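Below, each chain spelled out in residue letters.
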Amino acid sequence: METDRSNLCGCKGIRTCLKCEKLFDIPCKNKSIHEEAYSIYFYCIYCKMCYPGTSSEINSHPLHSGEPINVSGIYVGEDFLSKEEEAELLKALDALQWDCSQSGRRKQNFGPKCNFKKRKLKCGDFKGFPVSTKFVQDKFKEVPLLEGYQTIEQCSLEYDPDRGASIDPHIDDCWIWGERIVTVNLLSDSVLTLTPYYGNKYNIDLAPINFVKCIPDVAIRIPMPARSLIILTKEARYGWEHQVYRDDIKERRVCVAYREFTQPYLPGGEHANEGTTILDKADNFF
């Protein structure tokens, strides 16, 4: 049922949540990972390798079995935030307005307006980020992998199991968003799932790195502990779609996603004039 239900629950097109599925008798298309035809591997955040097995084996370190595979560009930093910092951030986010989004989520978005199809960028009403959340961006300076990172979009997403929240497989657009895809995970543990990508969506032709995959039909399960920092770069960023399955949301989960510009929109780049105004706005906290 490809209808706009944005006034009801935020869903559009083929995307659904538990509310609109029940009301309109829409079959659920959000399968469990165990219903998919993938060979399942899990990423060990200590070994930094992917081992055959399911999410129930994610905490099995160091007692792994099977031949591991390597997927470059996965970073999971445990305890990026303390429990006190997590509580402070959640209080700040819940003091802001939440808007309905698709697939059972709610969102808060601070960033420029992007037309990914036409590759058009506008500042819109972007004026910076809430000052109550500034301390998180300040903590990025403590992470070597995020050296020189300048946030130009900050998006909070709430996942509620009572709404059947999930996010479909996707690659963050390669025209405007830079190589480091950053997420801070709050409140509850969850799992990010990678599956190989072979198409030409997401402006993938502009990706600075081209990967030829030699492990088709594989799904990588990445643990996302509460208060952790997750960064996707390199192969994990450009060679795989990432998603969160509905049945991987056991409790309320809030994540804050951060994006940086691609090189053409940075100083010295081809579109630096367009990027400068937004970079200036991104230095503001209100």
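Refer to the structure presented above.
Residues numbered from 1 in each chain as written. Predicted model: local features only at pLDDT ≥ 70, side-chain atom pairs only at ≥ 80, totals over all residues. Heavy atoms only, no water.

S.K.: For this particular structure, what's the right way to read the overall build of the protein chain?
M.R.: Looking only at helices and strands, one finds five helices and 15 strands in the protein chain. Radius of gyration (C-alpha) of the protein chain: 19 Å, near the 19 Å computed for a compact globule of 286 residues. Counting only C-alpha atoms, the protein chain reaches 50 × 45 × 40 Å along its principal axes. The contacts in the protein chain between residues at least 6 apart in sequence include a share of 76% that link residues at least 24 apart. (Helix = DSSP H or I, 4+ residues; strand = E, 2+ residues; numbered from the N terminus. Rg over C-alpha atoms; globule rule 2.2 N^0.38 Å. Contact = heavy atoms within 4.5 Å.)

S.K.: Even after reading the chapter, I still don't get the pairing of strand 2 (residues 49-52), so can you show me in this structure?
M.R.: Taken residue by residue, a regular strand's side chains alternate between the two faces of the sheet. With four bridges joining them, strand 1 (residues 39-44) and strand 2 adopt antiparallel strand pairing. The residue bridging Phe42 from the neighbouring strand is Tyr51, located in strand 2. Linking strand 1 back to strand 2 in an antiparallel pair, the connection comprises four residues, with Lys48 at a positive phi of about 60°. (Pairing = 2+ DSSP bridges.)

S.K.: Any chance you could explain the packing of aromatic side chains here in plain terms?
M.R.: Each aromatic ring pair is specified by the distance between its two centres and by the angle formed by the two planes. As enumerated under the stated definition, the model contains 12 aromatic pairs in all. Seen in terms of ring centroids, Phe116 and Trp175 are 6.1 Å apart; in terms of plane orientation they differ by 80°. Their pairing is edge-to-face. Taken together, the positions of Phe116 in the loop between strand 6 (113-115) and strand 7 (120-122) and Trp175 in the loop between strand 9 (167-170) and strand 10 (181-186) put the pair 59 residues apart, joining distant regions of the chain. The exposure class assigned to Trp175 is buried, which follows from its relative accessible area of 6%. (Phe/Tyr/Trp six-rings, centres within 6.5 Å; stacked < 30°, edge-to-face > 60°. Buried < 20%, exposed > 50% of the residue type's maximum accessible area, 1.4 Å probe, protein only.)

S.K.: Please clarify how the sheet that holds strand 13 (residues 229-232) should be interpreted in this entry.
M.R.: What holds strands together in a sheet is hydrogen bonding between their backbones, with the strands either parallel or antiparallel. Ordered by their spatial adjacency, seven strands build an open sheet running 3-13-10-15-8-5-4, and the pairing between neighbours is antiparallel. Two strands close off the open sheet at either side, each with one partner strand: strand 3 (74-77) and strand 4 (99-100). Two strands pair when backbone bridges link them, and strand 3 and strand 13 are joined in this way by four bridges, in the antiparallel orientation. Of the residues in strand 13, the one forming a bridge with Gly77 is Leu229.

S.K.: In this structure, what is going on with the sheet that holds strand 14 (residues 240-244)? I would like to understand it.
M.R.: If you trace the six strands from one edge of the open sheet to the other, you get 2-1-12-11-14-9, paired in mixed fashion. Taken across any chain shown, the strands that pair with only one partner, and hence form the sheet edges, are strand 2 and strand 9. Across this sheet, the average inter-strand angle for adjacent strands is 25°, counted without regard to direction. (Axes fitted to C-alpha atoms, helices over the stretch in contact; angles between N-to-C directions.)

S.K.: Mind showing me how you'd approach helix 5 (residues 272-282) here?
M.R.: A turn of α-helix holds 3.6 residues, and therefore any two residues three or four places apart point the same way. Within the sequence span of helix 5, burial applies to Ala272, Gly275, Ile278, Leu279 and Ala282. The arc that holds every buried residue of helix 5, seen down its axis, measures 125°, which confines them to one face. (Arc of directions from axis to C-beta.)

S.K.: Please clarify how helix 2 (residues 83-94) should be interpreted in this entry.
M.R.: Look at helix 2: 16 Å from first C-alpha to last across 12 residues, which is about the 16 Å you get at 1.5 Å a residue. Against the buried residues of helix 2 lie strand 5 (105-110), helix 3 (134-139), strand 8 (153-159), strand 10 and strand 15 (253-259). (Expected span 1.5 Å × (residues − 1).)

S.K.: Sorry if this is basic, but what is going on with the side chain of Thr151 here?
M.R.: By the element assignment, Thr151 lies in the loop between helix 3 and strand 8. When residues no more than four places from it in sequence are discounted, the contact partners of Thr151 are Phe129, Gln137, Phe140, Tyr258, Arg259 and Ala282.

S.K.: Any chance you could explain the pattern of salt bridges here in plain terms?
M.R.: Pairing between side chains of opposite charge can happen when their charged atoms approach one another. All told, the structure shown has 15 salt bridges when counted by the stated rule. With a closest N to O distance of 3.6 Å, Lys139 and Glu85 form a salt bridge. Separated by 54 residues along the polypeptide, Lys139 in helix 3 and Glu85 in helix 2 bring together distant segments of the chain. The residue Arg119 makes a salt bridge to Asp205 at a minimum N-O spacing of 3.1 Å. Of the two residues, Arg119 sits in the loop between strand 6 and strand 7 while Asp205 sits in the loop between strand 11 (190-196) and strand 12 (218-224), which places them 86 residues apart along the sequence. What you see here is one network of salt bridges that share partners, running through Asp94, Arg106, Glu158, Asp160, Arg163 and Arg252. (Salt bridge = Lys/Arg side-chain N within 4 Å of Asp/Glu carboxyl O.)

S.K.: Would you mind going over the environment of Gln137 with me for this structure?
M.R.: Its place among the elements puts Gln137 in helix 3. As a C-alpha pair, Gln137 and Tyr149 span 12 residues in sequence and 9.2 Å in three-dimensional space. Discounting chain neighbours no more than four positions away, the residues touching Gln137 are Phe129, Thr151, Gln154, Tyr258 and Phe285. Within the structure, Gln137 has its side chain in polar contact with the side chain of Thr151 (distance 3.4 Å). (Polar contact = N/O pair within 3.5 Å; in protein donor to acceptor, adjacent residues only side chain to side chain.)

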